[in-house]
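# Per-entry structural report
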Amino acid sequence: MFFRKIAVLIFVLLVWCYSPVFLPDDYSGLAGERKEMAEIAIESAKTEWEVVLWRYKVTDVVRNNTWWDVSLTGYGFFNIPLKKVEVTIADGRACSGSFRNYFPGADLVAWAMVAIWLLTIVALLLTPVYLIYKVRRR
């Protein structure tokens, strides 16, 4: 019975941990050209922090003459906001961008999230081995 409670607790923590993976990027009800610019900004931002940031929320889309400034918030595991992202788009492609910490110590939390991700992969790889061991032991 104790093992089942631990297994359920681990399952709930994993679902909560990976919830940003299942949630779609938030375009905040944008339409038309503004949505297109937000999509370009998110794709550009994903190439930089792909392992740590799993979901982006568009906070602002502003047109400045010939370019667009898009502000994003990047979320990591447990849906924790980690980075404030600013992307400048001109001629349909991202020209520049910046990543700033959402709060002091966000980089430390990001490294902890990478460790959680690696431990999850190891656990998923070792679970079948453990189950086979338990079955053969009986």
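Scroll up a little and you will see the structure.
In this report, we go over the structure that sits alongside the text. (Residues numbered from 1 in each chain as written. Predicted model: local features only at pLDDT ≥ 70, side-chain atom pairs only at ≥ 80, totals over all residues. Heavy atoms only, no water.)

### Structural notes on the overall build of the protein chain
Helix and strand counts for the protein chain stand at four helices and four strands. Taken against the 2.2 N^0.38 rule, which gives 14 Å for 138 residues, the C-alpha radius of gyration of the protein chain at 19 Å runs more than 25% over that of a compact globule. Projected onto its principal axes, the C-alpha coordinates of the protein chain cover approximately 70 × 30 × 20 Å. Counting all 138 residues of the protein chain, 28% fall into the buried class. Considering only residue pairs separated by 6 or more positions, the protein chain has 45% of its internal contacts joining residues 24 or more positions apart. (Helix = DSSP H or I, 4+ residues; strand = E, 2+ residues; numbered from the N terminus. Rg over C-alpha atoms; globule rule 2.2 N^0.38 Å. Buried < 20%, exposed > 50% of the residue type's maximum accessible area, 1.4 Å probe, protein only. Contact = heavy atoms within 4.5 Å.)

### A look at the nonpolar core
In this structure, Y56, V58, V70, L72, L82 and I89 are the most contacted members of the largest nonpolar core, which totals 26 residues. Elements with a minimum of two residues in this core: helix 3 (33–46), strand 1 (55–64), strand 2 (67–75), strand 3 (81–90) and helix 4 (106–137). The leading source of residues in this core is helix 3, at six residues. Ignoring any residue separated from it by four or fewer positions in sequence, one finds Y56 in contact with D25, D26, I42, A45, K46, W49, L72, T73, G74, V85 and F99. (Core = buried A, V, L, I, M, F, W, Y, C linked by side-chain atoms within 4.5 Å.)

### Here's the deal with the packing of aromatic side chains
How two aromatic rings sit relative to each other is given by the distance of their centres and the angle of their planes. Under the criterion given, the structure shown has one aromatic pair. One cation-aromatic arrangement involves R55 over Y75; the distance from NZ or CZ to the ring centre is 4.6 Å. Positioned over the ring face of Y102 is K84, at 5.5 Å from the centre of the ring. (Phe/Tyr/Trp six-rings, centres within 6.5 Å; stacked < 30°, edge-to-face > 60°. Lys NZ or Arg CZ within 6 Å of the ring centre and 35° of its normal.)

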